[in-house]
Amino acid sequence: MRTTVGIIGAGPAGLLLARLLHNAGIDAVVLESHDRAYVEQRQRAGILEQGTVDVLRAAGAGERMDREGLRHDGIELRYDRKRHRVDFPALTGGRSVMVYAQTEVCKDLIALQLKEGGPLLFEAEALAVEGADTDSPSVRFRHEGREEVLECEYVVGCDGFWGVARKAIPAELVRVFERTYPFGWLGVLADVPPSHDELVYARHDRGFALLSMRSPSVSRLYLQVPEGTDAGDWTDEEIWDELERRFETEDGWRLERGPITQKSVTPMRSYVHEPMRHGRLFLAGDAAHIVPPTGAKGLNLAVGDVVTFARALSYRTETGSDALLEAYSETCLRRVWQAERFSYDMTTMLHPAPGAAPFDDRLQLARLDRIATSRAAETDLAEGYTGFPLDDGRVSPSGEGNHGPA
């Protein structure tokens, strides 16, 4: 089997890349190790930055998102029983975010790929990327009980942290930067309408809490818990009681309860793999970087990566120049590190660390007060949350990178 771009992984990054390449007239094959049902049910992110929304619309994948997604123009911060709303459009020139689950993004992109795009092979397990530093890399994979080879001009690894793509980069060329946090998130899905029409980020002495949603009738809520917590150790009543404590306000706001349908614990970590390119192998999404979920950046960073690759390959097709492809890692990492910084700031501001001193607690409250009382600090949060511009790698006459939507 032969193609121009071999894409490993049919998560939102791999599927969107296939769509972008199809629209640019570039052929691609997508290999996904799981079956279609698994991909369409895998619960992950739910917040789309303005740039991600714009890209999905431009790619022809925004119709259902615009019909069923929930546009949010702000978030609420809670601390010391006080409430402060951050107004995104007022602070960013009109930018907002969209609540639309990753599962739904994948469903939309799969339907488009199967209807209009190139091959999308489910239950096709990538075994290795070979010849990454040559002009003809390939992917060995197993499909329907047979081992096969996909010959490519380029390979893009959108196969997550545990995938095979990253392993094809020689260890002596790699630098890894990471941080593990001593707490996680106990997340629940509940069949109850959200108790607030926007996300609520609560900093409490007992730990962080987040009120989110998946739809007008399904709530998604999180509690900070110690690292290594088993979700089964918490009863439904204990979860609701703890959420009520952490969301408590001076004005008597109430949290509505309902049946909990799913529980899980998400570990918190930051991770960056440099470089994101080796020869004709390109890493995208969790294969190259992981952020704690506090900043809602994971899926959106993956989108930025594949947009950068698609632009760079289109530029080569149009001009014959490899300049943007060669700059891929540097271009992506500028945005990755800004997202890592933002996610770290949000995490350390809102989560009391185990064994924290009273001084540390006061610093967290001071940071939150600064956002509530300074338009500059509030703008910095709003700009980070709604998404950083995407540098396409080209240099303008002033010497600065050109920017476009993510």
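Residues numbered from 1 in each chain as written. Predicted model: local features only at pLDDT ≥ 70, side-chain atom pairs only at ≥ 80, totals over all residues. Heavy atoms only, no water.

Details of helix H8 (residues 298-319)
Inference 1: With 22 residues, H8 extends 32 Å from end C-alpha to end C-alpha; this agrees with the ideal 32 Å at 1.5 Å per step.
Inference 2: Just downstream of H8 lies Gly 320, where phi reads positive at about 80 degrees. (Helix = DSSP H or I, 4+ residues; strand = E, 2+ residues; numbered from the N terminus. Expected span 1.5 Å × (residues − 1).)

Some details on the environment of Val 303
Inference 1: Note on placement: Val 303 falls in helix H8.
Inference 2: For Val 303, a relative accessible area of 3% puts it in the buried group. (Buried < 20%, exposed > 50% of the residue type's maximum accessible area, 1.4 Å probe, protein only.)

Brief notes about the confidence of the model for the protein
Inference 1: The share of residues in the protein with pLDDT of 70 or more is 96%, and the mean pLDDT across the chain is 94.
Inference 2: Here residues 395-401 is a poorly scored stretch, pLDDT under 50, and it has 6 contacts once near neighbours within four places are set aside; other chains count. (pLDDT = per-residue confidence, 0-100. Contact = heavy atoms within 4.5 Å.)

Some remarks on the packing of aromatic side chains
Inference 1: Considering all chains together, one arrives at 17 aromatic pairs under this definition.
Inference 2: Seen in terms of ring centroids, Tyr 181 and Phe 183 are 5.9 Å apart; in terms of plane orientation they differ by 35 degrees. Their pairing is tilted.
Inference 3: Both rings, one in Phe 282 and one in Tyr 328, keep their centres 5.2 Å apart while their planes meet at 85 degrees; by these two values the pair is edge-to-face. Pair noted here: Phe 282 is in strand E19 (residues 281-283) and Tyr 328 is in helix H10 (residues 328-350), with a separation of 46 residues, a long-range link. Side by side, Phe 282 and Tyr 328 carry an identical accessibility label, which is buried. (Phe/Tyr/Trp six-rings, centres within 6.5 Å; stacked < 30°, edge-to-face > 60°.)

With respect to the packing of H8 against H10
Two numbers describe a pair of packed helices, the interaxial angle and the distance between the axes.
Inference 1: As a packed pair, H8 and H10 sit with axes 10 Å apart at the nearest point and diverge in direction by 160 degrees. In terms of their interaxial angle, H8 and H10 are classed as roughly antiparallel. The chirality of how H8 crosses H10 is right-handed. Counting all contacts with H8, which are made through Asn 300, Leu 301, Gly 304, Asp 305, Thr 308 and Phe 309, the residues of H10 involved are Tyr 328, Thr 331, Cys 332, Arg 335, Val 336 and Ala 339.
Inference 2: A breakdown of the residues in the contact of H8 with H10 according to their chemical character gives 6 nonpolar, 4 polar and 2 charged. (Axes fitted to C-alpha atoms, helices over the stretch in contact; angles between N-to-C directions. Parallel < 35°, antiparallel > 145°, perpendicular 65-115°, else oblique. Left-handed = near helix turned anticlockwise from the far one by under 90°. Nonpolar A, V, L, I, M, F, W, Y, C, P; charged D, E, K, R; others polar.)

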